[in-house]
Amino acid sequence: MAGRDLRALFGSNDRSLGTGETFTNRERQWAAVASALGEHLARVTAPGFDVQDLEAPRHNVLVIHGVGGIGKTTLSRKVEAALADASRRPAQWGAPSWPDSPRLLPVRIDLARAAGTDFEQLVLTLRLALARHVGRALPAFDIALRRYWDAAHPGEPLEEYLRRRGLAAMAGDALPGQIKGAVGEAAQQLALPGVVGSAAGQVAAALVTALRERHEKARALAGCMRLADLLEAEPDLESFAYYAHLLAWEIARLPPKKAAVPVVLLDGFEDIGDRTHRDLERLIQRVVWLMPGAFFIVTGRSRLQWADPALQGQLDYTGPAAWPDLATASAPALLPAARTPGPAGTTSQAGARQLLIGDFSPEDCEDYLAHRLTTADGQPLIPAGIRAVIARRSHGLPLYLDLAALRFLEIRRTRTPADDDFEADFPALVARTLQDLTADERHVLRATSLLDAFDVPLATAAAGMDRDAPALRLIERPLVHEEPAALWPYHLHALVRSTLRGADDRTDDRWSDQDWRRAANRAHTALGTQWTTAATGGRALLVGCLRQGLRLARDHRLDLGWLADAAWAYVADSIWEPLAPPAPDNPTGQAGSATAGGPDSTVAVLETPADALVETLAALAARQREHRTRTADRLTRVIDSTLLPADLTDMALYYRAKAHRDLGRGTASRQGMQQVAAGTTRLAPAAQTLGWAGRQHRVLGDLWWVHAEMDQAAAAYEAARADAEQHAVAGERATSQAQLAFVRAFTDPATADDDLDLAAQLLAGLDLRATTLTTHIAALVRDAGTGGQEYLDRAAVLETEIRASGVRAAHTTLALARCFHHAVLDDDNGLDTAIRDLDQAVRDRDYAYYTDIAAFMAGRDLQFPSSARWLDGDQAVRARWRALVTARQHPDR
């Protein structure tokens, strides 16, 4: 139903006010599918339709989009079922009017990250559907596919790939035989010997020759005008995407009894990338363009932008001329009726084939608000700034947008609305959210609003219930979104969650402050139980429980409990994922503490042990991105607060001492370590002695390399890496590998390449800034004596990054690497400057002996020797450092 918004119309005396609304439900979406398919069938069966026409506009896409959890996947599956079997079509959808032939062949492909579908699997799924339907080879495509497969997957049978990917049920046994038959038949027609004929590459080459020379032997495939070109192209993924053209040609020439129109349902389209990274989207779009005879139904969270000419260069085919049905109207009027959160959808007027279902994406929020209320000349009545505030707070819920528009009109009666008028939730949303829930479901809903994500056991425990049934019913509601691959698969719609916790709840069963605190305590305890008793989950579960537990303890002033042990488990792996929860907005009216401006702000309010632990762990994680001075200052505030128990206070002391060390504050660092060593907490062994806790092998490596004993240093770092692997400490393993790459960069640049590659792999997913800087310095050492100005530019960029980190050890090591570079070049002027810079960095500080090493490299006398005492005397060390330079200067000796 479409028409005027009567509530808005009767909310103002301004007769020039423009209002409107559009409401669409699931029947409307099915009607759009049926209509689009009818038009498509008429187009592809009309005389003159040619799948090899690469210039004609495309009308073979229908897009259904909306926010997650609103029912797009369910709709996609329903459409697939209805197309496959009319008896499975919902009765209310009605019978379509399209002809019985050609047959519709639905193929649904899940593009969600959890499904793990890649582009090869997408194309193979299309071919498998045809294998089951036509029951014979499609030679143009199959020969090209076999050639690609042999090149891209040497030694991997297609049958094994299909089985491993779970595709074997889709005629997985038939397809390899059909491909083999296509290659064999082509070899026979081309009179190739048996051995040669078994190789797809040889068959393809012979077929190309036959096609180019128009041999009678290739007559059956001569009609495919671009087959020879595709068989000559390099068989890589880019070429593979163009093979869709061959598939389209084969489908078009199927005999009447086997004629088929594939209807490809691409679900979860939002997971193929984003608006910056479109590599997979580009390949998929190429398939859609090259298969004009197939029809594609895309479901995702936003409209397709293919008709936007600004995307030229990112995608192959763009603009309204290419995709007229996807083009955005200049003034779209997508005005959904006010409704409770639910599965009802709307049809967007932004493009004839772009249907909006359920809630809005951010772009659609803007469109809605811009056209919800308009002036007499059609301009948006709600100013842009207020539209931005409303859109942000709505989380895409159409009901919120509708209520905000009515609030705008209400305020406008007496004064000009301002941005701050809309920085609030609507109590009406609470009532509408709860109105169709049972009492038990409402209880679970409020409890889960305390959690970022949950599963059924966690929801039940947080609610304090002895049965799962209310939670099981709740997760079936549209206000609960599901991410099956997530640690906890369920989370509340963001607006529903914030409204439950922040709006003025006037319902009969509203919670008191103590109710909220008791539920928070139950949820906190349940998280600790999950972490301590789970057989699986590992690091991800630890971090997830910490993030939620810290927030609950901080916002509701709870005892630390299991958080203390979890904090120690977190620091043990040296990975440093961000943990700090967002600043509390005091959603339930309780007197909690806050972090002004968020976890990286200047001042954190420390009133409870939870505040102090949040700040400690936030500082440790943020030190990978912050200057070490900031880290030391934050930890000092925690220590001075005396809020933490003794063992966690030692944690702050220990890492502050490490920060002081990185800043070159040797005395402060030693004093901190001595204070930790004097205690009996679990960090005392690491501060007292070496051994595994004290990273003994890495310490020895650090000692050997400054003596230019690079082989011994390398052996020590390899032992440190092995220790870390044995103890399953990913951060220490990556750090040891980075140091190994650094020392090998002096002696064996080629091997250092491999070491740096491994270090990069070990650092993937870790947030270790100092270690990453070590790898960059190692790369400079590896390239010393080469690169000219480019080398100096790289070093200058790295120096800027190091200064921002505050890691003095990295700063001095980079300066030493520059000295090595100029010494290798025999560049006295450059070396003078490099040594002067190094001396300024280390004078009267730790690492003063680095100037000695720089002089050793260059074979220069020491004007101002450091106080360092070398293990085997300065002359032996001098000889080894000088030998490293001469070896780099004369690598062939």
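About the criteria used
- Residues numbered from 1 in each chain as written.
- Predicted model: local features only at pLDDT ≥ 70, side-chain atom pairs only at ≥ 80, totals over all residues.
- Heavy atoms only, no water.
- Helix = DSSP H or I, 4+ residues; strand = E, 2+ residues; numbered from the N terminus.
- Buried < 20%, exposed > 50% of the residue type's maximum accessible area, 1.4 Å probe, protein only.
- Contact = heavy atoms within 4.5 Å.
- Areas by Shrake-Rupley, 256 points an atom, 1.4 Å probe, with all protein chains shown as cover.
- pLDDT = per-residue confidence, 0-100.
- Expected span 1.5 Å × (residues − 1).
- Arc of directions from axis to C-beta.
- Phe/Tyr/Trp six-rings, centres within 6.5 Å; stacked < 30°, edge-to-face > 60°.
- Pairing = 2+ DSSP bridges.
- Salt bridge = Lys/Arg side-chain N within 4 Å of Asp/Glu carboxyl O.
- Core = buried A, V, L, I, M, F, W, Y, C linked by side-chain atoms within 4.5 Å.
- Patch = residues over 30% accessible without salt bridge, like charges linked within 9 Å, V, L, I, M, F, W, Y side chains within 5 Å.
- Axes fitted to C-alpha atoms, helices over the stretch in contact; angles between N-to-C directions.
- Parallel < 35°, antiparallel > 145°, perpendicular 65-115°, else oblique.
- Left-handed = near helix turned anticlockwise from the far one by under 90°.
- Nonpolar A, V, L, I, M, F, W, Y, C, P; charged D, E, K, R; others polar.

1. A closer look at the overall build of the protein chain
Here comes step 1: Scanning the protein chain from N- to C-terminus turns up 39 helices and 11 strands.
Here comes step 2: Within the protein chain, buried positions represent 55% of all 893 residues.
Here comes step 3: Of all intrachain contacts in the protein chain linking residues separated by at least 6 positions in sequence, the fraction that spans at least 24 positions is 69%.
Here comes step 4: Surface summary for the protein chain: the accessible area is close to 38100 Å², and the carbon and sulfur share equals 50%.

2. Let's talk about the environment of Gly135
Here comes step 1: Relative to the assigned elements, Gly135 resides in the loop between helix H4 (119–134) and helix H5 (139–152).
Here comes step 2: Sequence separation between Gly135 and Ala174 is 39 residues, and the spatial gap between their C-alpha atoms is 7.8 Å.
Here comes step 3: Contacts of Gly135, omitting those with residues within four sequence positions, involve Leu130 and Gln178.

3. Quick look at unusual backbone geometry
Here comes step 1: Residue Pro102 is bonded to the preceding Ser101 through a cis peptide linkage, with omega at 0 degrees.
Here comes step 2: Checked against the element boundaries, Pro102 lands in the loop between helix H3 (72–84) and strand E5 (103–110).
Here comes step 3: In this structure, Ser574 takes a positive phi of about 55 degrees despite not being glycine.
Here comes step 4: Tracing the backbone shows Ser574 in the loop between helix H24 (563–572) and helix H25 (609–622).
Here comes step 5: Using a relative accessible area of 16% as the deciding quantity, one classes Ser574 as buried.

4. Some thoughts on the confidence of the model for the protein chain
Here comes step 1: Residues at a pLDDT of 70 or more form 86% of the protein chain, whose mean pLDDT is 84.
Here comes step 2: Taken together, the stretch residues 330–350 has pLDDT below 50 and engages in 82 contacts with residues farther than four places along the chain or on a different chain.
Here comes step 3: This model gives residues 586–601 a pLDDT under 50, and the stretch forms 44 contacts once residues within four places in sequence are excluded.

5. Some details on helix H9 (residues 200–212)
Here comes step 1: In this model, H9 (13 residues) spans 18 Å end to end at C-alpha, consistent with the 18 Å of a helix rising 1.5 Å per residue.
Here comes step 2: Burial in H9 covers these residues: Ala200, Val203, Ala204, Leu207, Val208, Ala210 and Leu211. Looking down the long axis of H9, one finds its buried residues gathered within 165 degrees of arc, a one-sided arrangement.

6. Considerations on the packing of aromatic side chains
Here comes step 1: Per the stated rule, a full pass over the model turns up 27 aromatic pairs.
Here comes step 2: When the ring of Trp511 is compared with that of Trp516, the centres are 4.8 Å apart and the planes differ by 65 degrees; the resulting orientation is edge-to-face. Residue Trp511 shares its accessibility class with Trp516, and that shared class is buried.
Here comes step 3: The structure contains a cluster of three or more aromatic residues connected by ring pairs, namely Trp705, Phe742, Phe746, Phe820, Tyr847, Tyr849, Tyr850, Phe856, Trp870 and Trp881.

7. Looking at the pairing of strand E6 (residues 260–267)
Here comes step 1: Most of E6 sits inside the fold, with 8 of its 8 residues counted as buried.
Here comes step 2: Residues Ala260, Pro262, Val264 and Leu266 point to one face of E6 and Val261, Val263, Leu265 and Asp267 to the other, with burial holding for every one of them.
Here comes step 3: Note that E5 and E6 share 8 bridges and pair parallel. Across the sheet, the residue bridging to Asp110 is Asp267, located in E6.

8. Re the pattern of salt bridges
Here comes step 1: For the coordinates displayed, the defined rule picks out 45 salt bridges.
Here comes step 2: Asp515 serves as the salt-bridge partner of Arg518, at 2.8 Å between the closest nitrogen and oxygen. On the criterion of helical spacing, the pair formed by Arg518 and Asp515 is a turn pair, its members being 3 residues apart in helix H22 (residues 513–533).
Here comes step 3: Classification of Arg518 as partly exposed rests on a relative accessible area of 46%.
Here comes step 4: Ionic pairing is found between Glu626 and Arg630, a salt bridge with its closest N-O pair at 3.5 Å.
Here comes step 5: Note on Glu626: relative accessible area 12%, which makes it buried.
Here comes step 6: Through salt bridges with shared partners, a single ionic network connects Asp452, Arg497, Arg551, Arg554 and Asp555.

9. Comments concerning the nonpolar core
Here comes step 1: Judged by nonpolar contacts, the single largest core of 84 residues is most densely connected at Leu266, Met291 and Trp323.
Here comes step 2: Top element by residues in this core is H4. It accounts for 10 residues.
Here comes step 3: Once you skip the residues sitting within four places of it in the chain, Met291 turns out to touch Asn60, Leu126, Ala244, Leu247, Ala248, Ile251 and Phe296.

10. Here's the deal with a nonpolar patch on the surface
Here comes step 1: A cluster of nonpolar side chains, contributed by Leu700, Leu703 and Leu871, occupies part of the molecular surface with about 250 Å² of accessible area.
Here comes step 2: Turning to its location among the elements, Leu700 is positioned in helix H30 (residues 696–706).
Here comes step 3: Taking the relative accessible area as the measure of exposure, Leu700 reaches 36% and is therefore partly exposed.

11. Examining the side chain of Glu577
Here comes step 1: You can see Glu577 is positioned in the loop between H24 and H25.
Here comes step 2: When near neighbours in sequence (up to four residues on either side) are disregarded, Glu577 contacts Arg539, Val543, Arg547, Tyr570 and Ala621.

12. Section: H25
Here comes step 1: Helix length check: H25 (14 residues) gives 20 Å between terminal C-alpha atoms against 20 Å at 1.5 Å per residue, within 8%.
Here comes step 2: Burial analysis of H25 places 13 of its 14 residues in the buried class, the great majority of the element.

13. Remarks on the sheet that holds strand E4 (residues 61–65)
Here comes step 1: Spatially, E5-E6-E7-E4-E8 is the arrangement adopted by the 5 strands of the open sheet, whose pairing is parallel. Lying at the two open borders of the sheet, with one neighbouring strand each, are E5 and strand E8 (354–356). Taking each pair of neighbouring strands and ignoring which way they run, the sheet shows an average axis angle of 15 degrees.
Here comes step 2: Across 5 bridges, E6 lies against strand E7 (residues 295–300) in parallel orientation. Looking across to E7, one finds that Asp267 is bridged to Thr299.
Here comes step 3: Sitting on the sheet, H3 is in contact with E4, E5, E6 and E7, with an inclination near 155 degrees to E5.

14. Points about the packing of H22 against helix H23 (residues 538–556)
Here comes step 1: Across the interface, H22 lies against H23 with an axial gap of 9 Å and an inter-helix angle of 160 degrees. Classified by the angle their axes make, H22 and H23 are roughly antiparallel. Regarding H22 and H23, the two cross each other, and that crossing is left-handed. Residue-level inspection shows Trp516, Arg517, Ala520, Ala523, His524, Leu527, Gln530 and Trp531 of H22 in contact with H23, the latter providing Leu541, Leu542, Cys545, Gln548, Gly549, Leu552, Ala553 and His556.
Here comes step 2: A class-by-class count of the residues in the contact of H22 with H23 yields 10 nonpolar, 5 polar and 1 charged.

15. Focus on the packing of H24 against H25
Here comes step 1: Closest axis-to-axis distance for the H24/H25 pair is 12 Å, and the angle between their directions is 5 degrees. It follows from the interaxial angle that H24 and H25 lie roughly parallel. Contacts from Leu563, Ala567, Tyr570 and Val571 in H24 reach Leu613, Leu617, Leu620 and Ala621 in H25.
Here comes step 2: In the contact of H24 with H25, the residues fall into 8 nonpolar, no polar and no charged.

16. Points about the environment of Gly528
Here comes step 1: Tracing the backbone through its elements, the reader meets Gly528 in helix H22.
Here comes step 2: Overall, the relative accessible area of 4% leaves Gly528 in the buried class.
Here comes step 3: Expressed as a C-alpha distance, the spacing of Gly528 and Gly561, which sit 33 residues apart in the sequence, is 8.3 Å.

17. Section: the pairing of E4
Here comes step 1: Most of E4 is tucked away, with 5 of its 5 residues classed as buried.
Here comes step 2: The alternating pattern of E4 places Val61, Val63 and His65 on one face and Leu62 and Ile64 on the opposite face, and all of these are buried.
Here comes step 3: Sheet topology places E4 next to E7; 5 bridges connect them, and they run parallel. Bridging across to E7, His65 finds its partner in Gly300.

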